[in-house]
Amino acid sequence: MVEQQQRKSQGQEWEDRRRRAGIIAFVAGLVITLAFFAFFPGLPHVIDWGAILVALAVGGLARWVCQSRMAKSASREPEDP
């Protein structure tokens, strides 16, 4: 019974860590993309709706990549007996 509760808590801990990493990846992708559109030489230095939509898409892509890599690395690791 105790082992089962420990497994559940470890699984919940891993899901929490995965969720936090996904949020951090989303925010990082969003901020980096907005900074690119704001400061890259040659661009009009204006954050318009197109730049916001692209930044949201890049943030979503970064979150997806981060969570899929975490899931893949977790599936490779052997579980402790």
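The structure contained in this document is the topic of the report that follows. Just so it is clear, the structure is predicted and the values come from calculations on it, not from any experiment.

Focus on the packing of aromatic side chains
Then, in step 1: Per the counting criterion, the structure on display carries 2 aromatic pairs.
Then, in step 2: Aromatic pair F36 and F37: ring centres 5.6 Å apart, planes at 70°, arrangement edge-to-face.
Then, in step 3: Look at F36 and you get partly exposed, because its relative accessible area is 41%.
Then, in step 4: Taking 4.7 Å as the distance between ring centres and 40° as the angle between the ring planes, the aromatic pair formed by F36 and F40 counts as tilted.
Then, in step 5: Of the aromatic side chains, those joined through ring pairs into one cluster are F36, F37 and F40.

Criteria and thresholds
Residues numbered from 1 in each chain as written. Predicted model: local features only at pLDDT ≥ 70, side-chain atom pairs only at ≥ 80, totals over all residues. Heavy atoms only, no water. Phe/Tyr/Trp six-rings, centres within 6.5 Å; stacked < 30°, edge-to-face > 60°. Buried < 20%, exposed > 50% of the residue type's maximum accessible area, 1.4 Å probe, protein only.

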